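Notes for the structure review
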Protein chains: 2
Amino acid sequence: MTSPTFELDPRLAADSIFIADGPLSQLRLMDDARFPWLILVPRVHGATEWVDLDGASQRLLLAELNQASALLRARYNNLTKLNIGALGNIVRQLHVHVVGRREGDAAWPGPVWGSGPRQPYADVQSEVARLRQAGSAGGFSTLPSAPPGE
Amino acid sequence: MTSPTFELDPRLAADSIFIADGPLSQLRLMDDARFPWLILVPRVHGATEWVDLDGASQRLLLAELNQASALLRARYNNLTKLNIGALGNIVRQLHVHVVGRREGDAAWPGPVWGSGPRQPYADVQSEVARLRQAGSAGGFSTLPSAPPGE
């Protein structure tokens, strides 16, 4: 169900960093130090809506959502709430946000989407490395040490 | 898996109208005429995070999300995009938003959450009736004609 012709949207590529491949999706870190913010991008050519994926892909995405949530909890302390969102009003390529929220964070209690310009990490690759280290706790069993060609 | 002690959060009760019961969740219409906006509220006492539901409930919620999306498409024309969100920063009771978006709507291309005060329908019960009529197309096989006691 993964398309060989999958190409990551250039805006997602510019704003986020590859962490790992799940069975269906690329797991990526949004390069915004304000929020613990993961993105799942199913490697399905042309997909725009979760509900239009076939049933098997939908269930894989749900499983990956669980894993991404566990990874956030393994890596970051004291998350008040998880926020899940699949919007795609600007970038149509299907992608699902999983964001750890803390009371008083830069957008609290509003949504992170549209909350102003992102603030890139000082060293985003270190954060990706820490996430990969926490990965097994988060349920991602295979975390490559280097991203595949994008 | 549905809790007998389920109680709807009073803020959800005040802002949205009962449409139907799915196997897991109440399906409700957000009383905001600016957007075609459905809400699924799992009848699970104390639930706050989708990813903390048991697996069977997660899959039911996913199925209901498909049904709610189909209902939006059956009732409303020309939806540019569906937006799915589970935030809960303000109302902690687990609820999932399924919103039909149109280019140029009141919040486009931003999220509907935090997009200003809702604008109640002139006659919200008529809209609920139309949604119930469209319900079979949307996959909700049992749409009660009257809400249960809330």
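Notes on the structure in this doc start here. (Residues numbered from 1 in each chain as written. Chains lettered and ligands numbered in written order. Predicted model: local features only at pLDDT ≥ 70, side-chain atom pairs only at ≥ 80, totals over all residues. Heavy atoms only, no water.)

1. A closer look at the overall build of chain A
The helix and strand inventory of chain A stands at three helices and five strands. Starting at the N terminus and ending at the C terminus, chain A contains elements arranged as α-β-β-β-α-β-β-α. Contacts in chain A between residues far apart in sequence, at least 24 positions, make up 62% of those at least 6 positions apart. As displayed, chain A has an accessible area near 6,300 Å², and 51% of this comes from carbon and sulfur atoms. (Helix = DSSP H or I, 4+ residues; strand = E, 2+ residues; numbered from the N terminus. Contact = heavy atoms within 4.5 Å. Areas by Shrake-Rupley, 256 points an atom, 1.4 Å probe, with all protein chains shown as cover.)

2. What to know about the relation of the copies chain A and chain B
Each copy superposes on the other: chain A lies on chain B with an RMSD of 0.0 Å after a rotation of 180 degrees and an axial shift of 0.0 Å. Classification of the inter-copy transformation places it as that of a two-fold axis. Every residue of chain A has its C-alpha some distance from the rotation axis, and the shortest such distance is that of Gly85 of chain A, at 2.2 Å. When the interface residues of chain A are mapped onto chain B, 100% of them are again interface residues, pointing to one common binding face. (Least-squares fit on C-alpha atoms with pLDDT ≥ 70 in both.)

3. Thoughts on the interface of chain A and chain B
Taken together, the contact pairs 30 residues of chain A with 30 residues of chain B. With both chains or domains summed, chain A and chain B bury close to 2,700 Å², and 55% of this area falls on carbon and sulfur atoms. The tally of links between chain A and chain B comes to four salt bridges. Glu49 of chain B is the salt-bridge partner of Lys81 of chain A, the closest N and O atoms lying 2.9 Å from each other. (Buried area = accessible area lost by both parts, 1.4 Å probe. Salt bridge = Lys/Arg side-chain N within 4 Å of Asp/Glu carboxyl O.)

4. Description of the pairing of strand β2 (residues 25-30) of chain A
Residue and element names in this part refer to chain A. Counting buried residues along β2, six of its six residues qualify, which places the element largely inside the surrounding structure. Sheet topology places strand β1 (residues 16-21) next to β2; five bridges connect them, and they run antiparallel. Bridging across to β2, Asp21 finds its partner in Gln26. Inspection of the sheet shows β2 paired to strand β3 (residues 37-42) by five bridges, in the antiparallel sense. Bridging across to β3, Leu29 finds its partner in Leu38. The hairpin formed by β2 and β3 contains six residues between the paired strands. (Buried < 20%, exposed > 50% of the residue type's maximum accessible area, 1.4 Å probe, protein only. Pairing = 2+ DSSP bridges.)

5. As for the pattern of salt bridges
Side-chain pairing between opposite charges can occur once the charged atoms of the two side chains come close. Residues and elements named next belong to chain A. Taken as a whole and judged by the stated rule, the model has 20 salt bridges over all chains. When the shortest N-O distance is used, the salt bridge between Asp21 and Arg43 registers 2.9 Å. Of the two residues, Asp21 sits in strand β1 while Arg43 sits in the loop between β3 and α2 (55-75), which places them 22 residues apart along the sequence. Looking at Asp21, the relative accessible area reads 30%, which means it is partly exposed. A single network of salt bridges, built from pairs that share partners, joins Asp15, Asp31 and Arg118.

6. Topic: α2 of chain A
Count 3.6 residues to each turn of an α-helix, and residues three or four apart come out pointing the same way. With 21 residues, α2 of chain A extends 30 Å from end C-alpha to end C-alpha; this agrees with the ideal 30 Å at 1.5 Å per step. By the burial criterion, the buried members of α2 of chain A are Ser57, Gln58, Leu61, Leu62, Glu64, Leu65, Ala68, Ser69, Leu71 and Leu72 of chain A. (Expected span 1.5 Å × (residues − 1).)

7. What to know about unusual backbone geometry
All names here are of chain A. Cis rather than trans, the peptide bond between Trp108 and Pro109 has omega equal to -5 degrees. Position of Pro109 relative to the elements: it lies in the loop between β5 (96-101) and α3 (124-138). Positive phi outside glycine occurs at Asn78, with the angle close to 60 degrees. For Asn78, a relative accessible area of 65% puts it in the exposed group.

8. Brief notes about the sheet that holds strand β1 (residues 16-21) of chain B
A sheet is described by the order of its strands in space; here ten strands give the open sequence β1(A)-β2(A)-β3(A)-β5(A)-β4(A)-β4(B)-β5(B)-β3(B)-β2(B)-β1(B), paired in antiparallel fashion. In the strand order of this sheet, the two ends are held by β1 of chain A together with β1 of chain B, each with one partner. Each strand axis lies, on average, 20 degrees off the axis of its neighbour in the sheet, ignoring direction. Against the sheet, α2 of chain A engages β2, β3, β4 (81-86) and β5 of chain A, with an angle of about 160 degrees to β3 of chain A. Its contacts with the sheet put helix α2 (residues 55-75) of chain B on β2 (25-30), β3 (37-42), β4 (81-86) and β5 (96-101) of chain B, and the angle it makes with β3 of chain B is roughly 160 degrees. (Axes fitted to C-alpha atoms, helices over the stretch in contact; angles between N-to-C directions.)

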